[in-house]
Every structure is written in C-alpha cells, then in structure tokens.
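Chain residues, written in single-letter form:
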Amino acid sequence: MVPFIALIGGFVVLRVLGLAGIDVLDGWQPALRGALALMFVTTGVPHFLPSWRRDFVAMIPPAFPHPALLVTLTGVLELAGAAGLLVPPLAPLAAIGLALLMAAMFPANVSAARRGLTLAGKPVTPLPVRTALQVLFIAAAIAAAA
C-alpha cells in the first residue's frame, strides 16, 4: 500500500503546490510525474536494503535465472526512471520505460502471491488487489508519458 499512498498523496500535495503558484508543478501532468517519481523512489530504495532485498529475491519466479541480479537491475531501473521523470525532456521516455518495467515485473508479484510469500515480514498484497494496483500504476505512467 505504500506505493499507492506515495502516488496518490504525492499527486495531491504536488498538485496543490502547483495551484498555490509553484509554476513547475502547475498542471496535472507535472504533479503526476513527481508523484510517480516519489513512488518509484519508495519502491526502488528497498531493493538495496538487506532485509527487503532477501524478500525481493525470493519473489522472483524460480524459472528466472540470477534473481539477485534481477533485483539489483530492477532497483536501478526504478531509481533511474524516477530521476528521468523529473527531467522534462526525458519524462515521457522514462514514464513509458517504467510502464514496461512494471509489466515485466508483474510475474514476480503473481508468483509471490501464489506462493504466500512475505515482504518485510508482512504477507504480500493479495493478487486481486495487486492486479488492480498494477493496472493503476501502469495507467498513471502512461498518462505521465502523454
């Protein structure tokens, strides 16, 4: 739920700041890009924290080789994408890249839910809820790319 809160809460705060006169945030799209960047920082950083990293590695479906390397790669891509969202000329490309990354990572979420894994000691988000969130996150990234 933390990514959802970061996205929605970040969007509201950034949009209000834009309406209050901060020109760079004056519009729904800059606020959305900033909120997505916040969301991806909150999801990207834990890829490198030992206790979270172990859980992320366990989430990788067994058919995929080198799960630790995949966790590192996805963490780097999430953080790079977050930075790219904040650079206007790069933002559309970063947003599309992040949408594709989320689609590519979804099998790990499905695998984790089906195997009843935990993330930071808590059960992973149930698959129906996770699927709805994934659709929302991908839609937000696509909207940010427009």
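Residues numbered from 1 in each chain as written. Predicted model: local features only at pLDDT ≥ 70, side-chain atom pairs only at ≥ 80, totals over all residues. Heavy atoms only, no water.

A. View of helix 1 (residues 2-19). For helix 1, built from 18 residues, the straight-helix expectation of 26 Å at 1.5 Å per residue is met to within 8% by its first-to-last C-alpha distance of 25 Å. Taken together, the buried positions of helix 1 are occupied by P3, A6, L7, G10, L14 and G18. Down the axis, helix 1 shows its buried residues gathered within 95 degrees of arc, on one side only. Relative to its buried face, helix 1 has exposed residues pointing more than 90 degrees away, namely I5, V13 and L19. For helix 1, the elements touching its buried residues are helix 2 (28-44) and helix 6 (127-145). After helix 1 finishes, the residue G21 shows a positive phi value of roughly 120 degrees. (Helix = DSSP H or I, 4+ residues; strand = E, 2+ residues; numbered from the N terminus. Expected span 1.5 Å × (residues − 1). Buried < 20%, exposed > 50% of the residue type's maximum accessible area, 1.4 Å probe, protein only. Arc of directions from axis to C-beta. Contact = heavy atoms within 4.5 Å.)

B. Inspection of the nonpolar core at higher detail. Of all hydrophobic cores here, the largest spans 23 residues; its most connected members are L7, L36, M39, F40 and L85. Put simply, the parts of the chain that give this core at least two residues each are helix 1, helix 2, helix 4 (67-85), helix 5 (91-114) and helix 6. Ranked by the residues each element gives to this core, the list is headed by helix 5, at seven residues. Dropping the residues within four chain positions of it, L7 is found in contact with L32, A35, L36, M39, L136, F137 and A140. Listed in part, the six residues of the second largest apolar core include F56, I60, V71 and V124. (Core = buried A, V, L, I, M, F, W, Y, C linked by side-chain atoms within 4.5 Å.)

C. Looking closely at the packing of helix 4 against helix 5. Across the interface, helix 4 lies against helix 5 with an axial gap of 8 Å and an inter-helix angle of 150 degrees. The orientation of helix 4 with respect to helix 5, classified from their angle, is roughly antiparallel. Helix 5 is crossed by helix 4, and the crossing has left-handed handedness. Together, T74, L77, E78, G81, A82, G84 and L85 of helix 4 and A91, A94, A95, L98, L101 and M105 of helix 5 make up the contact between the two elements. The residue makeup of the contact of helix 4 with helix 5, split by class, is nine nonpolar, three polar and one charged. (Axes fitted to C-alpha atoms, helices over the stretch in contact; angles between N-to-C directions. Parallel < 35°, antiparallel > 145°, perpendicular 65-115°, else oblique. Left-handed = near helix turned anticlockwise from the far one by under 90°. Nonpolar A, V, L, I, M, F, W, Y, C, P; charged D, E, K, R; others polar.)

D. Broad picture of the side chain of Q134. Mapped onto the fold, Q134 is located in helix 6. Polar side-chain contacts of Q134 include one of 2.6 Å to the side chain of R130. When residues no more than four places from it in sequence are discounted, the contact partners of Q134 are M102, A103, F106 and N109. (Polar contact = N/O pair within 3.5 Å; in protein donor to acceptor, adjacent residues only side chain to side chain.)

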